[in-house]
Amino acid sequence: QVQLVESGGGLVQAGGSLRLSCAASGILFSINRVGWYRQAPGKQRDMVADISAIGITNYADSVKGRFTISRDNAKKTLYLQMTNLVPEDTAVYYCRIGSLTQDGHWGQGTQVTVSS
């Protein structure tokens with residue numbers, strides 16, 4: 001069965017950094033698009049960044065220049081390096097794997113809280 005497990009969330013002060021990880025199993029990781037999404041209370045779940053099977057990246061305007069998405073196909077792991085964090089980045093962060101035109105698979109989420 002497909003499983004995605006996020007880790008690395010926590011509490012950080014504004015201006016600080018965190019690195020999130022998402023470990024995948026039960027799926028051919030290397031041939032799939034993978035991405036990070038976030039959802040704050042009362043808000044829609046939105047794309048933060050994603051990366052295609054061949055390494056093409058896409059970022060939300062709000063995180064461009066601050067976040068970097070990467071993947072390690074040998075480890076079947078997705079990463080999100082977050083720097084210069086601001087309180088507006090506070091949300092539950094989820095990883096997703098699969099085509100944008102089909103139902104994908106989601107992790108359980110990890111909480112990121114940025115204090116001022």
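Preceding this section is the structure that the text describes.
Keep in mind the model is a prediction, meaning the values are calculated, not measured.

Caption draft 1: Representation of the pattern of salt bridges within the structure. As enumerated under the stated definition, the model contains 4 salt bridges in all. With a closest N to O distance of 2.9 Å, Asp89 and Arg38 form a salt bridge. Taken together, the positions of Asp89 in the loop between β8 (77–82) and β9 (91–97) and Arg38 in strand β4 (residues 34–39) put the pair 51 residues apart, joining distant regions of the chain. Judged by relative accessible area, Asp89 falls into the buried class, the value being 1%. Take Arg38: its relative accessible area is 15%, and that puts it in the buried class. The shortest N-O distance in the salt bridge between Asp89 and Arg66 comes to 2.8 Å.

Caption draft 2: Spatial organisation of the pairing of strand β11 (residues 110–115). Where burial is concerned, the two faces of β11 differ: the one with Thr110, Val112 and Val114 is buried and the one with Gln111, Thr113 and Ser115 is not. One ladder, built from 4 bridges, connects strand β2 (residues 10–13) with β11; its direction is parallel. When the bridges of β11 are listed, Leu11 appears paired with Thr113. Note: β9 against β11, 3 bridges, orientation antiparallel.

Caption draft 3: Layout of the side chain of Asn32. Mapped onto the elements of the fold, Asn32 is located in the loop between β3 (18–25) and β4. On the accessibility criterion, Asn32 (17% relative accessible area) is buried. The contact partners of Asn32, leaving out residues within four places of it in the chain, are Ile27, Ala53, Arg71, Ile97 and Gly98.

Caption draft 4: How the structure looks around the environment of Ile51. Examined against the element boundaries, Ile51 turns out to sit in strand β5 (residues 46–51). Judged by relative accessible area, which is 5%, Ile51 ranks as buried. Sequence separation of Ile51 and Arg33 is 18 residues, and the distance between their C-alpha atoms is 5.9 Å. The residues touching Ile51, leaving out its near neighbours within four places in the chain, are Arg33, Val34, Ile56, Thr57, Ile69, Ser70, Arg71 and Leu78.

Caption draft 5: Inspection of the environment of Thr113 at higher detail. In this fold, Thr113 is placed in strand β11. Classification of Thr113 by relative accessible area gives partly exposed; the value is 28%. In sequence terms Thr113 and Val86 are 27 residues apart; their C-alpha atoms lie 9.3 Å from each other. Setting aside chain neighbours within four positions, we find Thr113 in contact with Gly10, Leu11, Val12 and Thr90.

Caption draft 6: The sheet that holds β8, seen in detail. Strand order in the open sheet formed by 4 strands is β1-β3-β8-β7, and the pairing between neighbours is antiparallel. Each edge of the open sheet is held by one strand with a lone partner, namely β1 (3–7) and β7 (67–72). In this sheet, neighbouring strand axes are inclined to one another by 15° on average, regardless of whether the strands run parallel or antiparallel. Of the strand pairs in this sheet, β7 and β8 are connected by 6 bridges, and their pairing is antiparallel. From the neighbouring strand, Arg71 faces β8, where its bridge partner is Leu78.

So, how was this worked out
- Numbers given to residues run from 1 along each chain, matching the order in which its sequence is written.
- Totals for whole chains, interfaces and linings use every residue, but because this is a predicted model, local features are given only for residues with pLDDT of at least 70 and side-chain atom pairs only at 80 or more, for both listing and counting.
- Note that water and hydrogens are dropped before the side-chain values are worked out from all heavy atoms of the structure.
- Criterion for a salt bridge: a side-chain nitrogen of Lys or Arg within 4 Å of a carboxyl oxygen of Asp or Glu.
- Think of it this way: any DSSP run of H or I at least four residues long counts as a helix, any run of E at least two long counts as a strand, and we number them from the N terminus.
- A 1.4 Å probe rolled over the protein chains alone gives each residue an accessible area, and that area as a share of the maximum for its type sets the label: buried under 20%, exposed over 50%, partly exposed in between.
- Strands are labelled as partners when DSSP assigns at least two bridges between them.
- By the convention used here, residues are in contact when the closest approach between their heavy atoms is within 4.5 Å.
- To get an axis, fit a line to the C-alpha atoms, keeping to the stretch in contact for a helix; angles then go from 0 to 180 degrees between the N-to-C directions.

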